[in-house]
Amino acid sequence: MILGAVVLAAGLGTRMGSRRPKVMHRLAGRPMLAWVLDALAGAGAGHTVVVIGRGAEEVAACLPPGVSTALQEEQLGTGHAAQVGLAALEPRCDAVLIVNGDLPLMTAELVRALVDEHARGGRAATLLTARLDDPGPYGRVVRGADGLVERVVEARDADPGELAIDEVNGGLYVFSRSALEEALAGLGRDNAQGEVYLPDALARLAPAAALAAPDPAATLGVNTRVELAVCERLLQDRLRRELMLGGVTLPDPAGVYLEAGVQVGEDTVIWPGTHLRGATEIGAGCEIGPDVVISDSSVGAGSTVVSAHLLGSEVGEGCRVGPFAYLRPGCRLEDGSRAGTYVELKNTSLGRDARVPHLSYVGDATVGEDTNIGAGNITANYDGFRKHRTEIGARVKTGSDCVFVAPVRVGDGAMTGAGSIITHDVPDGALGIARARQTVVEGYAEKAAARAAARRPDGGSG
Ligand code: UD1
Ligand code: CA
């Protein structure tokens, strides 16, 4: 048996109420379709064809290499979509997995189990089913006296007796290819939706084998945004469980949002209100959260991130970020460095043990090791036309409320006076100070009061 796979993903997805193709709606950061393709690939599905139609270009653009597409120009139903897909499947595949593209909770284990069942049963068709407390709109599985599947009837076409059946079509099938092609060629559209139904092929190939999913949740289909949210929650549960079993502490798991592929090291604690997105990697023994968003970033071991947003940045080991810090793309914080409260960094590197503790904007800058940036410093990196860099050396101490008008350089071991607007380079070890000198007027307060009193109508007597 040489296996291939056809994914049905061309449907209109009308019930989503969306301009986007249904299978492109995201779950835990990835399109719904990516989850289905992963399950297939994980089960060794072989050559895979995705049937596209609605939003075909957008769907085709998200496919991994090696996956083929077949265009279903008119959405005439799942049976028709299967025909279109089969036409593009490598001829050498003599068995085919057919799966609805809207089953994001499908697992590789379940796909493999169904393929095994198909091989064992030796029938032309094997169907994945699920027993549901509320079978709702799913197709009902009608089994014969021998326990094998006679047919599937869609909920809309079912009579009350059939509607009472609690075993439903899970939307995943294995067929002998030639038998399926023959069965599909003979199908009509005489049903409530006037469509060619793939499940109708089962009646023609009956009796068919079936495998009931041990966990019915894996067969949940997404037709509406409500179901999308249900699947998201279940995927989140799955991802959070994986982290916890991998040695990460989540004191309040429901408050942590994860995207697929995020990695977290042992003994890290993730507090609620934390979102870890994209290609994000957190080291061991970190404290992350509460109230943190980290996207496409890395955080080294033993670092603390509280109430902060990190986008496209690298944070080293033993760093402290936040509370209330914003790291925009292109930042690199070396080990032991710190971005503190009300601090925004952009495209900036902080050397080892460098600190930007309070109320600062540092953009397009290089800050050397062990340097301390005073409270309220700003790099004026934009002259209204172009961005320029600020270079601050190692072991520098900048005074509070300094502005660095880029391009400008402050040398190693230098200092700047509080309130300075630094427009010229400060050499190594020098002090840069740029502010008006303070004038002291002795006795001013008393004289001012006397002047004010003299101006009053009563001459100051009343
Ligand atoms: C389908 C099954 C139902 C089963 C359920 C499981 C049919 C007729 N019914 O119902 O028995 O219980 O899945 O989730 O198959 N598609 C196309 N082209 C089309 C029509 C649909 O590619 O012309 C794709 C859709 O994009 C979707 C998949 O096929 O990914 C299933 O279609 P959908 O309309 O969601 O079928 P259900 O009503 O859920
Ligand atoms: Ca569906």
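Structure first, text after, so check above.
A.B. asks: Got a sec to walk through the sheet that holds strand 34 (residues 408-410)? Specific residues and values, please.
C.D. replies: Here 9 strands make up an open sheet; going across it, the order is 13-16-19-22-25-27-29-31-34 and the pairing parallel. A single partner strand is all that each edge strand has here, and the edge strands are strand 13 (263-264) and strand 34. As judged from the 2 bridges shared by strand 19 (residues 298-299) and strand 22 (residues 314-315), these two strands associate in the parallel manner. For Ser-298, the partnering residue across the bridge sits in strand 22 and is Glu-314.

A.B. asks: Account for the pattern of salt bridges, naming residues and giving values.
C.D. replies: Using the criterion set out here, one finds 20 salt bridges in the structure. Lys-22 is the partner of Asp-102 in a salt bridge, and the nearest nitrogen-oxygen pair spans 2.9 Å. With Asp-102 in the loop between strand 6 (95-100) and helix 4 (108-121) and Lys-22 in the loop between strand 1 (3-9) and strand 2 (26-27), this residue pair connects regions lying 80 residues apart in the sequence. For Lys-22, a relative accessible area of 13% translates into the label buried. With a shortest N-O distance of 3.1 Å, Glu-181 and Arg-177 are connected by a salt bridge. Highlighted residues: Glu-181 and Arg-177, both in helix 6 (residues 177-185), separated by 4 residues, approximately one helical turn. Overall, Glu-181 belongs to the partly exposed group, its relative accessible area being 35%. Linked by salt bridges that have partners in common, Arg-131, Arg-143, Asp-166 and Glu-167 make up one network.

A.B. asks: Explain the coordination of the calcium ion (ligand 2) to me, and be specific about the residues and the numbers.
C.D. replies: Donor atoms from the polypeptide that coordinate the calcium ion (ligand 2) comprise Asp-102 (OD) and Asn-223 (OD1), at 2.2 to 2.5 Å from the metal. Of this pair, Asp-102 sits in the loop between strand 6 and helix 4 while Asn-223 sits in the loop between strand 11 (209-212) and helix 8 (225-245), placing them 121 residues apart in sequence. Judged by relative accessible area, which is 10%, Asp-102 ranks as buried. Residue classification places Asn-223 among the buried residues on the basis of a relative accessible area of 14%.

Basis of the calculations
Residues numbered from 1 in each chain as written. Chains lettered and ligands numbered in written order. Predicted model: local features only at pLDDT ≥ 70, side-chain atom pairs only at ≥ 80, totals over all residues. Heavy atoms only, no water. Pairing = 2+ DSSP bridges. Helix = DSSP H or I, 4+ residues; strand = E, 2+ residues; numbered from the N terminus. Salt bridge = Lys/Arg side-chain N within 4 Å of Asp/Glu carboxyl O. Buried < 20%, exposed > 50% of the residue type's maximum accessible area, 1.4 Å probe, protein only. Donors = N, O, S within 2.8 Å, 3.2 Å for Na, K, Ca; no water.

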